[in-house]
Amino acid sequence: MAAIATPHTRTSNYLNADYSWRSWLLTLDHKRIGILYIVSITFFFFLGGLFATLVRLELLTPPADLFAGTTYNKLFSMHGIIMVFFFLVPSIPATLGNFLLPLMIGARDLAFPRLNLASWYVLMLGGVFMILAMIGGGVDTGWTFYTPFSTTFSNTNVFYAALAIFIAGFSSIFTGINFIVTVHKMRAPGMTWFRLPLFVWSMYATSLIMVLGTPVLAITLVLVALERILGIGIFDPSIGGDAVLFQHLFWFYSHPAVYIMVLPGMAVVSEVIAAFARRPIFGYKFVAFSSLAIAIIGFLVWGHHMFVSSQSMYASLVFSLLSYLVAIPSAIKVFNWTATLYKGSIRWQTPMLYAMGFLGLFVIGGLTGLFLAALPVDVHVHDTYFVVAHFHYIMVGGTIMAYLGGIHYWWPKISGRMYSEWLGKLSAVVIFLGFNLTFFPQFIAGYMGMPRRYAAYVPEFQVLNVLSTAGASILAVGYLMPLVYLLWSLRYGPLAPPNPWEATGLEWETSSPPPPHNFAKTPVVTRGPYAYTPEDVHTFVPQGELRG
Amino acid sequence: MAEHTLRAGHVAAHFDDAEQQFDAARLGMWTFLATEVLFFGGLFLVYAIYRAAYPEAFAEGSHHLHLVLGAVNTGVLLCSSLSMALAVRAAQTNQRRQLILFLILTILFGAAFLGVKAYEYYEKYHDHLMPLLGLPFVWEGPHADQVRLFYGLYFAMTGFHALHMVIGIGVLLGLLVLSWRGWFSSEYYTPVEMVGLYWHFVDIVWVFLYPLLYLIHGA
Ligand code: HEM
Ligand SMILES: [Cu+2]
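Notes on the structure in this doc start here. Remember, it's a predicted structure, so these values are computed and weren't measured experimentally. (Residues numbered from 1 in each chain as written. Chains lettered and ligands numbered in written order. Predicted model: local features only at pLDDT ≥ 70, side-chain atom pairs only at ≥ 80, totals over all residues. Heavy atoms only, no water.)

Considering the overall build of chain A
Argument step 1. When you go through chain A residue by residue, the secondary structure sums to 16 helices and four strands.
Argument step 2. A globule of 548 residues ought to have a C-alpha radius of gyration of about 24 Å, and chain A, at 23 Å, matches this closely.
Argument step 3. Looking at chain A as a whole, 61% of its 548 residues are labelled buried.
Argument step 4. Considering only contacts within chain A whose residues lie at least 6 apart along the sequence, 81% involve residues at least 24 apart.
Argument step 5. Of the accessible surface of chain A, which amounts to about 19500 Å², a share of 73% is contributed by carbon and sulfur atoms.
Argument step 6. Between the centroid of the 27 positive side chains of chain A and the centroid of its 20 negative side chains there is a distance of 12 Å. (Helix = DSSP H or I, 4+ residues; strand = E, 2+ residues; numbered from the N terminus. Rg over C-alpha atoms; globule rule 2.2 N^0.38 Å. Buried < 20%, exposed > 50% of the residue type's maximum accessible area, 1.4 Å probe, protein only. Contact = heavy atoms within 4.5 Å. Areas by Shrake-Rupley, 256 points an atom, 1.4 Å probe, with all protein chains shown as cover. Lys, Arg positive; Asp, Glu negative; His and termini not counted. Charge placed at Lys NZ, Arg CZ, Asp CG, Glu CD.)

Encoded structure:
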């Protein structure tokens, strides 16, 4: 059992080491870069949220009275583009991943600190182009940029938006490369592959997808941009090009990309569940390998987005079958988490509430994915609000729940401060309720036939839409709460001890916040990551020792 | 913990030793090249699909590419790969003058390639075979539209390849300056080796592009 000291004076740490602007904007410390990401993607999140608010306001009444036509199309397009490419994709890997990966494996930094800083600047540059596209009048193609609309007919800023995403893509490629090399080459003595925390396994799998998928999206968007600017005609049916080819290339990235968004969520949940159920994760190796399986099989199922795109029926059947396959590793994870919870001595603190929220929403989202993977059902609900609800359950419900859970779990480590446990729990509950009120009605509306991406709808759907908009306002309050009390805690929160949750990972063995080089002495790892004892909730064995 | 020094070793503070640092750099470069393979892979896939769909049009379009110039350029690039390999060797064996010489040679070969490429582009522009920027595309034979598609792909693929060469030359120029200042030695030559890997990769892409674009007459 480790002694838990409460420091009253602060020794030098990565936050107070230097206060100048330069020391932040030119920092090579992965922890500071993680903070830069937190600040910037929080901005993108609320920017994307603003567009969502406008969409929901328009949908309050059946006619297209507030926004119509192209304006409405621009609203949901900007919402989707910002949320997917500038918030969800970078969210957990770039913030928590950056901050934690070296700490968890006992390294002093990521393998390539300059590349790491560069990837933040690259993302910001992409953001600038995206904002240019926005100020210049927006984009109306949807986040999917389907051709030939995006190449030929849309007269909006598709070029700038495609460029923005192309550039942002390099940010995730760089991050992926950095993580892969770091996991391979920078582990502390004794940190074998099967002693890696599950968070690290998930980050590794996520990085593989980033590295193998993003370039394909990049070239696809470049072709769209070239087609608009130069007119080379690859997706242009009028000279024999194939517009559906775009969809194949796009979804070859974008289906795996949904796992770029959800695998990191699973990473957080594995850590939180073990620490708050006070038990080792049931079937550690299964959970680790299921991440890799998801990463690999995820590349084989893109065609389930194209069941109604003129793709051959046989292709559709194969894609449908493969889609069921990819559900298996996800189910393995859910099963193992549940088994871990079973007979655990659960502490219901804020991070745990968020993790449970993730589980609930992820299961609903995943199960409806199976509905969609069934050919006939998909033909019925394709491009309806059923699909909208499905992916929001997983990406917004799942990923953001996990992201916030992770932020709460590691907040003491990141900031050196504790927050109000009461407000934390309240925010988790408000978000969970608000979320379900927002998106569950959309399953029903979609199943009844309400199509997505229209500003007007038949009056029958109004009740469901009013519910949804009401839920969205509650959700918005829920998301604002952590922003307020976490910022508050930075100044007024009690100082955090090194290991407030009595957890086992290496990151808890260094002070909160950690010193610039992470550990006073290089840790030596002597055992696997989750040595908790459910009988005595205060008993746990740290993963390593700090030796000279 | 090794200090960060400019010469001798160059081990950054977060690495334990030079070997770990070198291994990390090499794995990073290979991973980056994997992303490059997928980037070009997308283009090759698009090419393969249209070539299978319009074999005659592609063969006809290919006729108007300058076979000899393409062959010359292939030779030039292979020479540049050789001189790059020799540059790495020179760095490993502490021969600074040779290192500088071979880097300059590599840059010259690269520039020659780009010069020839520019001339070919000019030719296509002159013959109205440049389906870009709304320029007129004039094709006397049948399948005019599909030939246009071929030329669209030709410019996209060779254009990206050329862009990679330009970047490569820029990086080589940087290496040249550092070599001049005596940064590299048998103790520390990681950047030279990494740039070498990149340069060879770009050459290999051309080795695929040349037959796919220039040599498909028989079809
Ligand atoms: C685990 C994380 C998952 C995420 C983040 C996710 C995300 C998404 C997204 C974003 C879309 C909408 C794309 C659009 O804008 O058109 C979508 C659609 C779809 N998803 Fe998922 N999904 C997940 C899991 C699954 C699973 C496990 C399956 C099947 C077993 C599945 C099957 C489908 C199908 C078939 C569609 C297409 C529906 C249509 O457009 O008709 N999803 N998903
Ligand atoms: Cu999918």
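Examining the interface of chain A and chain B
Argument step 1. With 37 residues of chain A at the interface, the matching set in chain B holds 35 residues.
Argument step 2. Counting the surface lost from both chain A and chain B, the interface buries some 3100 Å², and carbon and sulfur atoms represent 75% of this.
Argument step 3. Linking chain A to chain B there are one salt bridge.
Argument step 4. Between A:Arg108 and B:Asp16 there is a salt bridge; the shortest N-O distance is 2.9 Å.
Argument step 5. Where chain A packs against chain B, one counts 10 residue pairs in polar contact (both at pLDDT 80 or more). (Buried area = accessible area lost by both parts, 1.4 Å probe. Salt bridge = Lys/Arg side-chain N within 4 Å of Asp/Glu carboxyl O. Polar contact = N/O pair within 3.5 Å; in protein donor to acceptor, adjacent residues only side chain to side chain.)

Considering a nonpolar patch on the surface
Residue and element names in this part refer to chain A.
Argument step 1. Taken together, the side chains of Leu 480, Leu 483, Val 484, Leu 487 and Leu 490 present a nonpolar region at the surface, about 430 Å² in accessible area.
Argument step 2. Along the polypeptide, Leu 483 turns up in helix H16 (residues 462-492).
Argument step 3. The exposure class assigned to Leu 483 is partly exposed, which follows from its relative accessible area of 32%. (Patch = residues over 30% accessible without salt bridge, like charges linked within 9 Å, V, L, I, M, F, W, Y side chains within 5 Å.)

Here's the deal with helix H11 (residues 313-341) of chain A
Argument step 1. The end-to-end C-alpha distance of H11(A) is 43 Å, a good match for the 42 Å that 29 residues give at a rise of 1.5 Å each.
Argument step 2. The first or second residue beyond H11(A) is A:Lys343, which carries a positive phi of 60°. (Expected span 1.5 Å × (residues − 1).)

A look at the nonpolar core
Argument step 1. Of all hydrophobic cores here, the largest spans 255 residues; its most connected members are A:Phe199, A:Phe358, A:Trp410 and B:Tyr151.
Argument step 2. For this core, the element with the highest residue contribution is helix H9 (residues 243-277) of chain A, accounting for 22 residues.
Argument step 3. Aside from chain neighbours lying at most four places away, what touches B:Tyr151 is B:Gly61, B:His64, B:Leu65, B:Lys124, B:Leu129, B:Pro131, B:Phe137 and B:Trp139. (Core = buried A, V, L, I, M, F, W, Y, C linked by side-chain atoms within 4.5 Å.)

Observations concerning unusual backbone geometry
With the exception of glycine, the majority of residues adopt a negative phi angle, and the majority of peptide bonds are in the trans configuration.
Residues and elements named next belong to chain A.
Argument step 1. In this chain, Thr 147 is followed by Pro 148 through a cis amide linkage whose omega measures -5°.
Argument step 2. Non-glycine residue Lys 343 carries a positive phi angle of around 60°.
Argument step 3. Mapped onto the secondary structure, Lys 343 falls in the loop between H11 and helix H12 (350-373).
Argument step 4. Not every positive phi belongs to a glycine, and Glu 502 is a case in point at roughly 55°.

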